[in-house]
Amino acid sequence: MLVISKYPHDASLAARARVAGDVVFKESDDAAALQRLYAEAAAVQPPEGAAPHAAASCCLLLQSAALVHHIQTQGLPEQVTRAFDVVALTPYDLLAMQLLVPLQGATWTCTPLDREPISRDSETTVHLVLLGFGHMAQALALHAALVAHYPNYCRDSRLRTRITVIGDDVAAERDAFVQRYEPLFEHAWHRTLHLHDAQPTLTLHKPRYEGQRKDFVDVEWEFVHANLQHDVVRRKLGEWARSPRQLLTLALCSDQTALNTEAAWALPREVWEHRIPVLCYTHDSTLPQLAIDNGACPTLRPFGLPDCNPAVLPPLLRMAQCVNYVYDHCFSLPQDAPITAPAIIDTARLQPLWHALRSVTKQYSNLYHAMTLQSKLHSVGHDTAGADDYLALSADEIAVLTEVEHNRWSVEELILGYRPPTDEEMARVEADITLKRALRKQMVHYDLRAFDDLRRDATGKNVQVYDQALVQGMPLILRTCTTN
């Protein structure tokens, strides 16, 4: 893998990448990193008339989350995508993946938000609370929204994952974050509380089509203008820590990392008594480790950018390629054939099919899907500790996880810039289903709707069958990536 990096603590990153056999370029800023990518792409272009080279993977680590999002939604120039399969991330994104997703090659154990299985009948919800909303907190919030999808929302749409952001300086960062992911926040529940005002105020945003269409976004948001010293904040943290219906995780994520250790020492005692996981973003783990060793903060977990490890990407990308393989299999079947998962995955075809996508957005879609495979199995009670545990799913488990997959996909697509059709656009597609593809090129997706409201596509099949085939293929994907 080619690693092109602009980030301030990449000495350890470069060392780790070189040990893994990667080629590393350290650049001065994001513009220089892009220029290096273009230069490397130009250097591997085949002569005119020659057969194209096999594309190499490239991890492009950038400082700007806005630039990464632009690449995710708008793509890269063709001369780059011909040469490389590029994954653009910030180092904070990569670290958030390591924290929240069990990844092959990781040097530590992740902290899953669903530390207990959340079944369809469960009343428990996941709740991530972030203190501070800088670069690291935003990456954690985004990746929590990508992975935290559970079966009980399918039974009761009030049982959403909640992401709460608390901080004195939330306002500006919140506005930029909401604007960047506008389709998501337009169609999600979120509220903003101003606790510092003489008369505290609450602003509630309802999804755009609330009352007209069924709820389909299973993540809700809360932005609280206050600090850890505020009585209301401390009382709520204590209540959340004690609640048997919440799987609470705290993340201390101020960009001024020294404040995070101080915040850990100041958390309400209920957090430690109930052994709530507390992630602490820091450049020096000495003081947090002292609080762990002396028993004051037993569930504190310090982490920092030096822990960022690009070696976790190739196994995750291989899993994403397997997801793409199953999709390709489904769409290659004859029109009158039933949609089912393949019996085997031909690993020799994984990379060519992946490169043939030529769509950065589609590659990210498969990558985000791959991040949730083990979590889905966990929610229906399957232990995914080893290849022997990746067994076939029952019909009931497939039915449950098919709906979960659609809900996950919906949030992912909103994050990647797609939006549901307006009423007028929907009527046009219903009159002529072939318009569905044309609207998708305009970042309008007809299938962004509640699972039980999904419709037939141009083949006459209800699009639910594609989610079902992906779920059927999950054990095969995991076995392939574990044993090959």
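Because the structure is predicted, anything quoted here is derived from the model rather than measured. (Residues numbered from 1 in each chain as written. Predicted model: local features only at pLDDT ≥ 70, side-chain atom pairs only at ≥ 80, totals over all residues. Heavy atoms only, no water.)

1. Notes on the side chain of Glu222
This is how the line gets drawn: Think of it this way: any DSSP run of H or I at least four residues long counts as a helix, any run of E at least two long counts as a strand, and we number them from the N terminus. Counting of polar contacts relies on pairs of N or O atoms within 3.5 Å, with two restrictions inside protein: one atom must be capable of donating a hydrogen and the other of accepting it, and residues adjacent in sequence are counted only when both atoms are side-chain atoms. Contacts between residues were defined by any pair of non-hydrogen atoms, one from each residue, lying within 4.5 Å.
Take Glu222: it is sitting in strand 9 (residues 219-225). Reaching out from Glu222, the side chain makes a polar contact with the side chain of Arg191 at a distance of 2.5 Å. Residues within four places of Glu222 in sequence aside, it is in contact with Arg162, Ile163, Thr164, Val165, Arg191, Leu193 and Trp240.

2. Details of the packing of helix 14 (residues 313-332) against helix 21 (residues 464-472)
Heads up, the rule is: Note on geometry: axes are lines fitted to C-alpha atoms, helical ones only across the stretch in contact, with angles between N-to-C directions running from 0 to 180 degrees. Angles below 35 degrees are treated as roughly parallel, those above 145 as roughly antiparallel, those between 65 and 115 as roughly perpendicular, and all remaining angles as oblique. Less than a right angle of anticlockwise turn of the near helix away from the far helix marks a crossing as left-handed, whereas a clockwise turn marks it as right-handed. The classification used treats Ala, Val, Leu, Ile, Met, Phe, Trp, Tyr, Cys and Pro as nonpolar, Asp, Glu, Lys and Arg as charged, and all other residues, Gly among them, as polar.
Taken N-terminus to C-terminus, the directions of helix 14 and helix 21 make an angle of 135 degrees; their axes are 10 Å apart at the nearest point. Between helix 14 and helix 21, the angle falls in the class oblique. Crossing of helix 14 against helix 21: the hand is right-handed. Here Val323, Val326, Tyr327, Cys330 and Phe331 of helix 14 lie close against helix 21, whose contacting residues are Tyr466, Ala469 and Leu470. Among the residues making up the contact of helix 14 with helix 21, the classes are represented as eight nonpolar, no polar and no charged.

3. Examining the nonpolar core
Quick note on the threshold: Side-chain atoms within 4.5 Å link the members of a nonpolar core, which is a set of buried Ala, Val, Leu, Ile, Met, Phe, Trp, Tyr and Cys residues. For every residue, the accessible area (1.4 Å probe, protein chains only) is compared with the maximum for its type, and the residue is labelled buried under 20%, exposed over 50%, or partly exposed between those bounds.
In this structure, Leu37, Leu60, Leu130, Met136, Leu140 and Trp221 are the most contacted members of the largest nonpolar core, which totals 124 residues. Broken down by element, this core gets its largest block of residues, 11 residues, from helix 14. If sequence neighbours within four positions are ignored, Leu37 has contacts with Ile4, Cys58, Leu60, Leu76, Val80, Phe84 and Val86. Grouped together as the second largest cluster of nonpolar side chains are 26 residues, Leu193, Val224, Val233 and Leu267 included.

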